[in-house]
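A look at the structure
Chain residues, written in single-letter form:
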Amino acid sequence: MTLLVATQFAVGNDGPVENVILGVHGGLGESPGVLTPEEEKSVIAGIEKALRAGHTVLTKKQGGSLDAVEAAIRILEDDPNFNAGKGAVFTSDGRNELDASIMDGRDRKAGAVAGVTNVKNPISAARAVMEKTKHVLLVSKGAEEFAAKAGLDIVDPAYFRTEKRWKDLEERRKKEREQPQSRLDPSGFLPDEPATRHWSTVGAVALDTAGNLAAGTSTGGMTYKRYGRVGDSPIIGAGTFADNATCAVSCTGHGEFFIRWQVASDISAQIEYKGVDVRKAVDTVINGKLKPVQGEGAAIVLDRKGRFASATNSDSLWRGWITADGKVVVKLYPE
Ligand code: ASP
């Protein structure tokens, strides 16, 4: 059963929802009213497919939370509706540079890749970095060579291109020509420009039957980002965090703020030091800390008891969750 809810902006929080084993997000998608009903259906179907794949891993296959996170994110990376893998946004010079990270709540092992241009599923490269190297983060050529040697699928960079994202870039380039540099916000983005404001980064948080948490995030970053720019998604503690003692977190939004405010680890710290529940923790950071400084974004959180929450300070957050008994909820906008 799928419960579809697509309502207008009011208060951007969910939860705590009980008995959740997997939550995913598809980033700050389009604002309410932008997508056609058909397009909304396609996004919802993608999120549901990712949730069901992860659920199968966790239940029928008795897989671990890392397996579920990887399986769910791979599906979203392959779906052009999302800004990760195929369908990634473009840099200012017209490339797709992909970032991803994954973290194991058992022991805080983590792996990440940044700036890769030919790895079909960056989340699997992040996992390989975690499991097959002594490092946490590999970038660009080194990460690509490592992924190829690890036996992962390598594609021509043109594989990631979609016309929609290319159009976003062209619109953004036009704005850039028309507006003086002084109109840019301090991080180099136009604060109210739709093609840069609405990203669809993907992420997942999972809890397995052994009680282990895991989190992962994958993205093409932000439209018109500078060549070589890396956001929060591959930065452990900023875009992704997992610790069995507290929770698993995946973030999305304006990465520079998420790095500076260490959002994912701060959400965990709220639980660790203040003993608050997942909803209070995510709300405190996303709405209490980021909103006043205009750090636009959102996060999903799952704790070791299977309590899920999300918060967004934007006018959208594509997300969904699935309970152990297979009940799926997908929502595109805050309520
Ligand atoms: N956080 C990502 C970045 O800044 C973008 C996003 O979440 O949409 O690269």
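All chains use their own residue numbering, which begins from 1 and follows the written sequence. Given that this is a predicted model, residues contribute local features only at a pLDDT of at least 70 and side-chain atom pairs are listed and counted only at 80 or more, while totals for whole chains, interfaces and linings are drawn from all residues. Values reported for side chains reflect all heavy atoms of the structure, with hydrogen atoms and water molecules removed beforehand.

**A few points about the site of the ligand**
- In these notes, residues near a molecule or strand are those with any non-hydrogen atom within 4 Å of it. Close to the ligand lie Trp199, Thr201, Gly221, Met222, Arg229, Gly231, Asp232, Ser233, Thr252, Gly253 and Gly255.
- Polar contact criterion, stated in full: a pair of N or O atoms within 3.5 Å, where within protein one must be able to donate a hydrogen and the other to accept it, and residues adjacent in sequence count only if both atoms are side-chain atoms. Asp232 places a side-chain nitrogen or oxygen 2.6 Å from a nitrogen atom of the ligand.
- In this structure, Gly253 approaches the ligand through a main-chain N or O atom, which is 2.7 Å from a nitrogen atom.
- For the area figures, the Shrake-Rupley method with a 1.4 Å probe applies, and any residue is considered shielded solely by the protein chains shown. Look at the ligand: alone it shows 270 Å² of surface, and the protein chains cover 100% of it.
- Considered class by class, the residues forming the shell around the ligand number two nonpolar, seven polar and two charged. Nonpolar residues are Ala, Val, Leu, Ile, Met, Phe, Trp, Tyr, Cys and Pro. Charged residues are Asp, Glu, Lys and Arg, and all others, Gly as well, are polar.

**Points about the pairing of strand 5 (residues 109-116)**
- Whether a residue is buried, partly exposed or exposed follows from its accessible area with a 1.4 Å probe, protein chains only, as a fraction of its type maximum: under 20%, in between, or over 50%, in that order. Segments assigned H or I by DSSP are reported as helices when at least four residues long, segments assigned E as strands when at least two residues long, and all are numbered from the N terminus. Of all eight residues that make up strand 5, seven are buried, and the element is covered over most of its length.
- Strands qualify as paired when DSSP identifies two bridges or more between them. Where strand 4 (residues 98-104) and strand 5 come together, six bridges link them in antiparallel fashion. Bridge assignment links Ile102 to a residue of strand 5, and that residue is Gly111.
- Here strand 4 folds back onto strand 5 in antiparallel fashion, the turn holding four residues, of which Arg108 has a positive phi close to 60°.
- As judged from the three bridges shared by strand 5 and strand 6 (residues 137-139), these two strands associate in the parallel manner. Across the sheet, the residue bridging to Ala112 is Leu137, located in strand 6.
- Note on handedness: a crossover is taken as right-handed if, strands pointing away from the viewer, the path from the first strand over the helix to the second is clockwise. After leaving strand 5, the chain enters helix 3 (residues 122-132) and then returns to the sheet as strand 6, a path that is left-handed.

**Points about the sheet that holds strand 11 (residues 297-303)**
- The five strands lie next to each other as 2-12-11-10-9, forming an open sheet whose pairing is antiparallel. Bordering the open sheet on either side are strand 2 (13-17) and strand 9 (240-242), each of which pairs with just one other strand. Going across the sheet, the axis of each strand differs from the next one's by a mean of 10°, ignoring polarity.
- Contacts are assigned to residue pairs that have any heavy atoms within 4.5 Å of one another. Here, axes are lines fitted to C-alpha atoms. For helices the fit covers the stretch in contact, and angles between N-to-C directions go from 0 to 180 degrees. With respect to the sheet, helix 8 (residues 263-274) is in contact with strand 9, strand 10 (247-253) and strand 11, its orientation differing from that of strand 10 by roughly 140°.
- Its contacts with the sheet put helix 9 (residues 278-290) on strand 2, strand 11 and strand 12 (308-312), and the angle it makes with strand 12 is roughly 15°.

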